Amino acid sequence: MRRDAPFDVGRMIIPTKIGVLTVLTTNPTQVLDVIKMEKHRARMIWPFLIIATLLIAGSWYLRTKRRATESRLTHQEVIAEMRKRAELAVADAKKEYDIDLDFSPESVEDLDEILQQIHESHQSTPLASIELRRHSLKWGGYIGEVSKRIRDCEWAVDSKIGGKGDYPIVYKDRSESFPIGWCLRRIVNGEEDNVWHKFTYLVVNRDGDYLDALTEAGAQFSEESGEAEPNDYSE
């Protein structure tokens, strides 16, 4: 007759909600006490885990809601914000580049020189995406404000071409320009996206023949750089 393997009464392994509890004892009363303590500890831990989960979820929700709110400015808020950005551009142009921006159409050519310097710096030490966005809003905001002084146009929140939150300049005929995008491409691509040329032919000479202006712009720029084509000057 086979004898069962000896049972070590001095060591008991008890599964718990937290894990596996090893109890070294031969006293059943002590075993029950340990089990009760373990259950009590589990009941104490769960409320803290639930509270921590709720706090993390609440923090995530608030951050998401705040970002959504910030990204959906009203029309009047966009107008006010771009005016502030333009004023900041004037101050920074003088402070950092010793260039006076006076909101005249000709000042956009000076602004293009600033963007060229930023482009060269970006080539050697790439800017983070948030810095590219900051520059684009500031300098593009300035070009937009100059455009408003010579054309019947205004900032908009959304674009029928670029989509939501693109912040275009919208003219009386509902056509659009994108000075913020111009500045971004100028910083990233360099001279091939010269904002002075775009501003001249898409804003200053807007009353002229549109296609002729685009063709002339492309021809002039191709002679200067050998890179641009007429269709580079789309709005």
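Now for a quick tour of the structure.

### Overview of the packing of helix α3 (residues 107–124) against helix α5 (residues 179–189)
Phase 1 of the analysis: Close contact between α3 and α5 brings their axes to 7 Å; oriented N to C, the two are set at 45°. Our classification of the angle between α3 and α5 gives oblique. With respect to the hand of their crossing, α3 and α5 are arranged in right-handed fashion. Every residue of α5 that contacts α3 at D112, L115, Q116, I118, H119, H122 and Q123 is listed here: C183, R186, I187, V188 and N189.
Phase 2 of the analysis: Its residues placed into classes, the contact of α3 with α5 shows five nonpolar, five polar and two charged.

### Brief notes about the sheet that holds strand β4 (residues 169–171)
Phase 1 of the analysis: Read from one edge of the open sheet, three strands run β3-β4-β5, paired in antiparallel fashion. Only two strands of the sheet have a single neighbouring strand rather than two, namely β3 (153–155) and β5 (176–177).
Phase 2 of the analysis: Sheet topology note: the β4/β5 ladder contains two bridges and is antiparallel. Considered in β5, the bridge of V170 is made with E176.
Phase 3 of the analysis: Sheet strands in contact with helix α4 (residues 129–150) are β3 and β4, and its direction is about 150° off that of β3.

### Digging into α3
Phase 1 of the analysis: Here α3 is 18 residues long and its end C-alpha atoms lie 27 Å apart, about the 26 Å a rise of 1.5 Å per residue gives.
Phase 2 of the analysis: Regarding α3, the residues found buried are S107, V108, L111, D112, I114, L115, I118, H119 and H122. Looking straight down α3, one finds its buried side chains confined to an arc of 160°; they lie on one side. Along α3, exposed side chains directed more than 90 degrees from the buried face belong to Q123 and S124.
Phase 3 of the analysis: For α3, the elements touching its buried residues are α2 (75–97), α4, α5 and α6 (195–204).

Definitions and limits used
- Residues numbered from 1 in each chain as written.
- Predicted model: local features only at pLDDT ≥ 70, side-chain atom pairs only at ≥ 80, totals over all residues.
- Heavy atoms only, no water.
- Axes fitted to C-alpha atoms, helices over the stretch in contact; angles between N-to-C directions.
- Helix = DSSP H or I, 4+ residues; strand = E, 2+ residues; numbered from the N terminus.
- Parallel < 35°, antiparallel > 145°, perpendicular 65-115°, else oblique.
- Left-handed = near helix turned anticlockwise from the far one by under 90°.
- Contact = heavy atoms within 4.5 Å.
- Nonpolar A, V, L, I, M, F, W, Y, C, P; charged D, E, K, R; others polar.
- Pairing = 2+ DSSP bridges.
- Expected span 1.5 Å × (residues − 1).
- Buried < 20%, exposed > 50% of the residue type's maximum accessible area, 1.4 Å probe, protein only.
- Arc of directions from axis to C-beta.

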